Amino acid sequence: MEFFCFHRDRPGSLPLREKLLEEHWSYMDRYAEEMIARGPLFAGDGDDAPLVGSVHVLDLPDAAAARAFAFDEPTYQAGGYRDVLLRRWRNLLGRTMWEFPGGRTGGNRYLVLGLGSGEGEPADLAVPPGREDELIAYGPLLSDDGTAWLGTAALLRAPDADTAQAVLTADSYAAIEVYSWEFGGRR
């Protein structure tokens, strides 16, 4: 089962995150085989954009294992995150970020997170035609049992945030969030 995990930073937690960076990476190294994608998220583009959290997409045995992954993470345990968004996810591209043909560098990278309203029809359940070459990871966010659509998450390369956001159908979501994203980890 695949899961999408977004640890959102608590304001002012950057010094704590920096202090725990090696512990965080060591923890994530234990999940290297299960990782589909990972990396830090920023509010805006550029070197001075503030860090707002981390995203991890993994293939784990069940929801209990996903909750353990999310809540045993060292920065979470130390109080560095204000909240965690944890959802089942379906890997429509069938690959990891390390298999993305565009590589680790070059161009701007984004997380586009479409949050369903709970009332509308599911949207964006297939890979958008014509954007396959820029998609790094893409799939629906689902309930724990995998039956209810709760939104869609995409990691992609795009020239800017507006172009990235256009990967999702705007009027199909209660909200769409866009963050700058970098390939994370040691691999």
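Above this text is the structure in question.
Residues numbered from 1 in each chain as written. Predicted model: local features only at pLDDT ≥ 70, side-chain atom pairs only at ≥ 80, totals over all residues. Heavy atoms only, no water.

K.L.:
Honestly, unusual backbone geometry in this entry has me stumped. Any pointers?
P.N.:
For residues other than glycine, phi is negative in most cases, and the peptide bonds are mostly trans. With phi around 55°, Asp-124 is a residue other than glycine that occupies positive phi space. Relative to the helices and strands, Asp-124 is located in the loop between strand S5 (108-115) and strand S6 (135-142). Looking at Asp-124, the relative accessible area reads 16%, which means it is buried. (Helix = DSSP H or I, 4+ residues; strand = E, 2+ residues; numbered from the N terminus. Buried < 20%, exposed > 50% of the residue type's maximum accessible area, 1.4 Å probe, protein only.)

K.L.:
Help me understand the packing of aromatic side chains in this model?
P.N.:
Each aromatic ring pair is characterised by the separation of its centres together with the angle its planes make. On inspection of all chains with the given rule, the structure shows seven aromatic pairs. Summarising the aromatic geometry, the rings of Phe-71 and Tyr-76 are spaced 5.0 Å apart at their centres and angled 65° between planes, so their arrangement reads as edge-to-face. The class for Phe-71 is partly exposed, based on a relative accessible area of 29%. Judged by its relative accessible area of 29%, Tyr-76 is partly exposed. Between Trp-181 and Phe-183 the ring centres are 5.0 Å apart and the planes differ by 40°, which places this aromatic pair in the tilted class. Each member of the pair, Trp-181 together with Phe-183, is buried. Within the aromatic cluster, the residues linked to one another by ring pairs are Tyr-27, Tyr-31 and Phe-69. (Phe/Tyr/Trp six-rings, centres within 6.5 Å; stacked < 30°, edge-to-face > 60°.)

K.L.:
Looking at this model, I keep getting lost on the side chain of Asp-9. Mind explaining?
P.N.:
In this fold, Asp-9 is placed in strand S1 (residues 2-9). A polar contact of 2.6 Å, which involves the side chain of Asp-9, links it to the side chain of Arg-17. Apart from the residues lying within four places of it in its own chain, the contact partners of Asp-9 are Arg-17, Leu-51, Val-52, Gly-53, Gly-80, Tyr-81 and Arg-82. (Polar contact = N/O pair within 3.5 Å; in protein donor to acceptor, adjacent residues only side chain to side chain. Contact = heavy atoms within 4.5 Å.)

K.L.:
What is the right way to look at the pairing of S6 in this model?
P.N.:
Look at any regular strand and the pattern is simple: side chains alternate between the two faces of the sheet. Counting buried residues in S6 gives eight out of eight residues, a clear majority hidden from the surface. The pairing of strand S4 (residues 81-89) with S6 spans two bridges and is classified as antiparallel. Along S6, the bridge assignment pairs Arg-88 with Leu-142. Taken together, the seven bridges between S6 and strand S7 (residues 149-158) define a ladder with antiparallel strand orientation. (Pairing = 2+ DSSP bridges.)

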